[in-house]
Amino acid sequence: MQRDMTLRRVHLFCVPRVGLLHDFHRAVEAHFTQINERNKENFFFMKQRSLVTGLPCTQMFPSQPPPSNVNSVRPSDVAALSSIGLHMHSSTELSTVVSRLRELMTFFNPALMSPLSDEINLYAPHFVQHSTLVEQAEEVSRYLQNNQASDVESDWKLLLLFVQVDQLCACEPQQVQSVIKATVEEVDGALQLLHSQLKRTIVSVALWDGERNGYHNKICQCMETYSEGEVRLQRALLSLALQESLDELMVKKRWYGDRDDFTVILQESPFIADLSSISSGKPLSESRALQQTDNLMVQMWTNLLQPTRVQRNTDDNGNIIALPCPTEDRPFLRTEGNSPSYHHRDASPLLHPFTGTEMPCEDLSPSPSTPTSVHELRPGDIKVVAAVGDSLTAGNGIASSPNNILDVLSQYRGLSWSIGGDDNLTTVTTLPNILKHFNQNLTGYSVGMGKQDTPQAFLNQAVAGAKSKNILPQVQALVARMKSDSRINFESDWKLITVFIGGNDLCDHCYNSLLYSVENYIRNVQDTLDYLHKEVPRALVNLVEPLHILPLRDMHTDPSLKCPTWLVNILCPCVILPKPNSKALQMVEDLNRHYQKSLHELVESGQYDTRSDFTVVIQPFFREIVVPKLPDGRLDRSFFSADCFHLSQKAQTLMARSLWNNMLEPLGNKTFTQDFTEDLNLTCPTQTSPYIRTYNNSDYIYAGPSPTPGPITDWGSDFSCVDLAPSDTVPTSVHELRPADIKVVAALGDSTTAGTGAKAKNMFDLSKEYKGVSWSIGGDKALDTVTTLPNILKMFNPSLKGFSKGVGSLQKGFNMAASGAKTSAIPAQVQALIKAMKENKAVNFETDWKLLTIFVGGNDLCHYCIDQNNLSPMNYSHNLMLSLDMLYREVPRVLVNVVEILQIELLKTVKRNTISCSLLQRTSCPCVINPDVTSPELEEIKRINHEYQAELLQLISGDRYDGKEDFAVVLQPFLHNSFIPYTGVGEADSSFFSVDCFHISERAHAEMAIALWNNMLEPVGRKQAYNNFTYDRSKIHCPSEVNPFIYTKINSLPSPPVTPTTTSIPTSTASPPINTATTLPVPTCPSSMPVWVPVIVGIVCLLAGVTFAWMILSCCQCRKKEAERAVEMRQSGF
């Protein structure tokens, strides 16, 4: 490595000074590329487990001569990289991202100097005490000026200034304004100091919002009363408002660019960490966190470069990261001088539309007497209006101007389409203002602005950011207000209640598909309607279908609309982020439609029409959306608020009209399209049909409840694979192994693999080992009734051997697992397996291909607190290493599946009100079940759990077992982030567990078998690291035509792998020595020239430099002697 660095410095020194020939330039460039390629492989592939495309870049050499203008600085011209704005309390993710950026920039300048390295640590006590940006800027300036390794006058410097949104606290709108003002002033002070102290500097200002844990709650305690959705909206809009304020500062100060050697740029969007955990409320997995860090680094790097129009494609899972490069026509770091940016104040102001409506109806009278049936309810009979929902009902940003993003936090409840009551219908169109024409004594509507707990909100109990799970508490608060208000006669007044929910569920579904499943959505709505049906007399419930949400994407595909797309990525990531025509986008569409359909099935069950004074009517006008467009074909932004997400008063006006018209349309003939381009008029009740329409007065017949699915009699699976053939000839490489080539299966592990209690009906069956249904090795019956890995493989090879059958050990085959086994028992199981295979006459030990699955570690964790020394993560890894080493030496032609250990604390959520569950679970896993949820003992178990996973990953990801062509070990991670499905709020589905709530049931065995099989067909580095355990007979994947093989580390690589050194298939127990290195083998390409060429060139350059220096020194010595001789002559009188 030292020689590599030397050659790089030779290249940078010799080319401009000595002027070597073009061949030399090409030689060093080739060597430079080779070094960077090696660095790229080590850095990206090893650290992030994602494939990075883009390196090496072609524009990686410094400017010649060095630039004098800040608008012509290339990445390779930067000699120093520094940062300010890191805080002691911030997460380490920001420092990791900056460190990655520094590593990336060393590809362009290997001699890059950075205070973020070993020389200075911004987390050190002497630096942390300088808490303000100004003080940190002064510290960095002093460091750069005093550092002898750099020339402060001539070296170009890149300085990153971070403003951390997670360090700010503002709860009320007036607080937000003051916090933004103070922050902008602090940034301005820091930039002015840097401008006065530093030359040849580019300062890049960026917002960072990465704190999603308890620390932000500690510094911002006023947020504790906010809902999750409100906090999310508040912080997102604070980030956007701060971004816009900093942009105004840059414009006002002209980017501090009054000199040619200094400028400031503002990165165009903030860095938002933990985007998925914002939605799911759970921390990211280790692999996802690494991937996110890489994505943030790429975002930071992209923002530093001049923007280009080149679009790089990535796969749907984000496993291929496209790293942009400077281009020949745009090779510089971005500045306002070389890449002018859009500024939000350039947006055209939106004209305030006319939002009143003319009332065309003439017959406004109520019924002659108060009706007793909801099916004879006229508009004038309604005395009370109420509504629940999310921010569209709460009124966020309805009247906000396009340049006032912070005002989207304001809730204009008086303007809300379904419940607002500001002014009257001539100026404000809402459902209550329409109804006021029929009954001037209407009550319940909201007026003015405020949150749901304010008096003016009244019966508008919608909460910004609410999801379907939040609706029941809203309805309970609604009913409590109705009962306690003297203006309402709870028993006799007719009430109109509008329920509209589901958009935020769709926005976050991709981060927790079970939580936001159709089943959970409809259960939440059903719980809400059940409560209303039970508690509220004389009520008609408008149940508005969730809007078709995909058209929202159109606002963020047209750059000319200047919408803050990065903000909406936070508020609705699962809708905005998927690529066009992707599977993820189709999932949104399908879920949206299923939400809508499920509401119809719920209402048409008839369960809310059991009495004459209550009914639920679905209003479907939002089922389809026609987006409004301008005459030039672009979308009309005036229908949206400043954030291009919430709807403006113009849109809410049309929504109110559509809801009213839907109410007067008969069931079976209701309008199901919201056309925002159509100027809709109000419909009126008629003499023949004066009532609000229900199923009864529409002569509509409910379809009835959907047929109840019959009981599940087995846990079999359907099989749809077509290509079941083996290889044409028996493969000699494990990397070309098809499923049908496998002749023998085997398994090692504990009670999970032994099948303990899998089909137990009572405590007496718990001791039985149902080996025939074991997920990885069972072979009872066939796949259509029992789902196991061998039963899947038998579809490819009916002659498969080794699987276990029945109960007990009589037909255990090569299932060597034992109940209660810990990792220390696996080496003995390996020995027993080898012995059994060699002795089995039906198995050709040398030539048959074998598939072995190892899953162990649960018992180690369950008893870790009792025997910490022997059950340490290091011993866990060591015992597995001994086992794999033995297999590597002694077993030919084998592919080993090592299944990653699960997050074992999930066991605490499994409860059943039985003595076997409460007692046996504690006995089986005392170190997990007995500690309290918040205890340090349980936290220690979680930490050890993660260390087990990390040790296993380190053992397998190296090249220790890569020396044989017929042997491979593959880590199958489907249990890494698995979670247990819930049957209700806080209730884990115990059907996945046996009667002791510890061992898994046959249902869970089937799910694990499918997940393992699917993992085997996924490339290493792109395997699904979770399993959602949802029953579906059609989840089994099939090998593809492109890659019909079971994936290994080698055949998962994007380019053809290098053939390992050992290619022959051993025919005895002797095998190549195990490689003790732990680095991942990356295919290398032959160099375009011999390695000795750049070495010789370097030596020649060095000799030339020495010769040149000797000549200068000799000249100086000659002149010195001549001067001395002249002095001597003058002293001698000559």
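The paragraphs below set out a description of the structure included in this document. Positions within a chain are numbered from 1, following the residues in the order the chain's sequence is written. Reporting in this predicted model follows two pLDDT cut-offs: at least 70 for local features of residues, and 80 or more for side-chain atom pairs to be given and counted; totals over whole chains, interfaces and linings ignore these cut-offs and use all residues. As a rule here, side-chain values cover all heavy atoms of the structure and leave hydrogens and water aside.

Elements are defined by DSSP. Helices are runs of H or I of four residues or more, strands are runs of E of two residues or more, and each kind is numbered from the N terminus. One can find glutamine 949 in helix H27 (residues 936-957). Classification of glutamine 949 as buried rests on a relative accessible area of 1%. When checking whether two residues touch, look at their non-hydrogen atoms; a contact exists if any pair is within 4.5 Å. Setting aside its immediate chain neighbours within four residues, glutamine 949 contacts Glu900, Ile901, Leu902, Gln903 and His976. Only protein chains enter the accessibility calculation, which uses a 1.4 Å probe; a residue is then buried when its area is under 20% of its type maximum, exposed when over 50%, and partly exposed in between.

Here a helix's expected span is defined as the number of its residues, less one, multiplied by 1.5 Å. If you check helix H22 (residues 826-839), its first and last C-alpha atoms are 20 Å apart, about what 14 residues at 1.5 Å a residue would give, namely 20 Å. Along H22, the residues classified as buried are Ile826, Pro827, Gln829, Val830, Leu833, Ile834 and Met837. On an axial view of H22, the arc spanned by its buried residues comes to 155°, and they lie on one face. Residues of H22 that are buried make contact with strand E14 (742-749), strand E15 (849-855) and helix H24 (873-890). The arc in question is the one spanned by the directions pointing from the helix axis to the C-beta atoms.

On to the pattern of salt bridges, then. Every case where a carboxyl oxygen of Asp or Glu lies within 4 Å of a side-chain nitrogen of Lys or Arg is listed as a salt bridge. A complete count under the given rule lists 29 salt bridges for this structure. With a closest N to O distance of 2.2 Å, aspartate 209 and arginine 235 form a salt bridge. Of this pair, aspartate 209 sits in strand E4 (residues 201-209) while arginine 235 sits in helix H8 (residues 228-252), and the two are 26 residues apart along the sequence. On the basis of relative accessibility, which here comes to 1%, the residue aspartate 209 falls in the buried class. Accessibility expressed as a relative area gives 6% for arginine 235, which makes it buried. Between aspartate 714 and arginine 1033 there is a salt bridge; the shortest N-O distance is 3.2 Å. In this pair, aspartate 714 is assigned in the loop between strand E13 (673-675) and E14 and arginine 1033 in the loop between helix H28 (1002-1016) and helix H29 (1092-1131), connecting sequence segments 319 residues apart. Here the salt bridges do not stand alone but share partners, grouping Glu138, Glu139 and Arg142 into one network.

Residues Met763, Ile915 and Leu919 make up a contiguous nonpolar surface patch of roughly 310 Å² in combined accessible area. Along the chain, leucine 919 falls in helix H25 (residues 915-924). Note on patches: the residues involved have over 30% relative accessible area and no salt bridge, like charges join within 9 Å, and the nonpolar side chains Val, Leu, Ile, Met, Phe, Trp and Tyr join within 5 Å. Computed by Shrake-Rupley with a 1.4 Å probe, the accessible areas treat only the displayed protein chains as cover when residues are assessed.

Function-wise, these values are silent; they only describe arrangement.
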